[in-house]
Amino acid sequence: MEGRVAERLRGALGPLGFEVHAFKVGWYNAILQPGFHLPYPDDTLAFVVLSTPSMFDKALKPFVNKERLKIIRDPVDQCVSHHLSHVKEKFPDQKVDVIFDYEILPSRKPKFLAQTAAHVAGAAYYYQRKDVKLDPWEKKIYGVCIHPKYGGWFAIRGLLLFPDIQVPFLEQSAPVDCVSTEEKRIELLELFNFHWQDGRYRDIIEVKERYSEEQKAYFATPPSERFQLLGLTQEAQRGTFH
């Protein structure tokens with residue numbers, strides 16, 4: 001069952017520059033405190049959705065051109081929401097729940113921990129302080145996911161959950177440990193925590209594809225000014241502040 005669902009998802013989202021990776025809710029919940037658990041049985045089928053560098057040209061720009069007058073909030077969030085919600089139509093006989101990376105609970109906690117989901121699904125390795133044996137830091141250090149093909153040039157956009165599909169025999173695939181030396185892991189975490197704005201951490205490995213210069217410029221621009229880069233109208237831009 002998981003294979004058929006995955007095939008349908010990849011057929012719908014792959015041409016738009018997205019990747020999907022399956023996991024069981026129990027794998028995710030097992031390594032988190034109860035306050036972060038997903039409220040589904042352990043064997044529930046779920047997929048983490050990543051955007052790859054090609055999403056900008058394959059999904060975002062066409063979406064902006066088509067929906068120009070309807071964009072009233074962050075264009076990337078709205079584009080992702082549009083396509084993931086549209087995917088639900090591919091499963092008319094199934095209940096499909098979608099959780100987006102930008103959604104938060106009343107407690108201000110995120111609805112799901114994106115990097116943990118990517119790791120348990122085998123999509124990208126979540127490098128954390130605990131992955132360094134001789135810890136050189138005396139302050140809080142945040143972890144970061146690295147994709148074996150795209151390095152840091154990708155984003156985790158959401159989860160697709162299938163509450164009516166239980167997959168007790170789904171086999172877990174470990175993420176590729178592509179930053180395998182102590183020195184490189186220290187370098188990665190230092191670049192991400194102390195120099196994240198220059199993006200060097202994204203190239204900690206040799207990547208197959210990275211963001212285009214246009215895409216880099218877009219994400220480096222303050223959100224309120226991104227509308228202009230996409231050629232959106234002042235009316236759409238004003239709409240984002242309502």
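Just above sits the structure.
A. Expanded view of the pairing of strand 6 (residues 155-166). Of all the 12 residues making up strand 6, 10 are buried; the element is thus mostly covered by neighbouring parts of the structure. Examined bridge by bridge, strand 2 (residues 44-51) and strand 6 share eight bridges and lie antiparallel to one another. By the bridge assignment, phenylalanine 47 is partnered in strand 6 with leucine 160. Examined bridge by bridge, strand 3 (residues 97-100) and strand 6 share four bridges and lie antiparallel to one another. Residue pairing in the sheet places valine 98 in a bridge with leucine 160 of strand 6.

B. Structural context of the nonpolar core. Phe23, Phe47, Leu160 and Phe162 are the most contacted members of the largest nonpolar core, which has 59 residues in total. Counting 19 residues, the second largest nonpolar core, distinct from the first, contains Ile141, Val144, Ala155 and Leu189.

C. Representation of the layout of surface pockets within the structure. In this structure, the largest pocket occupies an estimated 1,100 Å³ of space. Lining the largest pocket are 31 residues, with Phe154, Ala155, Phe192, Tyr201 and Arg202 sitting closest to its centre. Contributions of two or more residues to the lining of the largest pocket are made by helix 5 (114-120), strand 5 (144-146), strand 6 and helix 7 (213-220). A class-by-class count of the residues in the lining of the largest pocket yields 17 nonpolar, six polar and eight charged. Volume-wise, the second largest pocket comes out at about 200 Å³. Forming the walls of the second largest pocket are Tyr126, Gln128, Arg129, Lys140, Ile141, Tyr142 and Gly143.

Criteria and cut-off values
Residues numbered from 1 in each chain as written. Predicted model: local features only at pLDDT ≥ 70, side-chain atom pairs only at ≥ 80, totals over all residues. Heavy atoms only, no water. Buried < 20%, exposed > 50% of the residue type's maximum accessible area, 1.4 Å probe, protein only. Helix = DSSP H or I, 4+ residues; strand = E, 2+ residues; numbered from the N terminus. Pairing = 2+ DSSP bridges. Core = buried A, V, L, I, M, F, W, Y, C linked by side-chain atoms within 4.5 Å. 1 Å grid on protein atoms, 1.4 Å probe; cavity = no way out; pocket = protein on both sides within 12 Å on 5 of 7 lines; lining within 4 Å. Points joined across faces, edges and corners; volume = space filled by probe spheres on them. Nonpolar A, V, L, I, M, F, W, Y, C, P; charged D, E, K, R; others polar.

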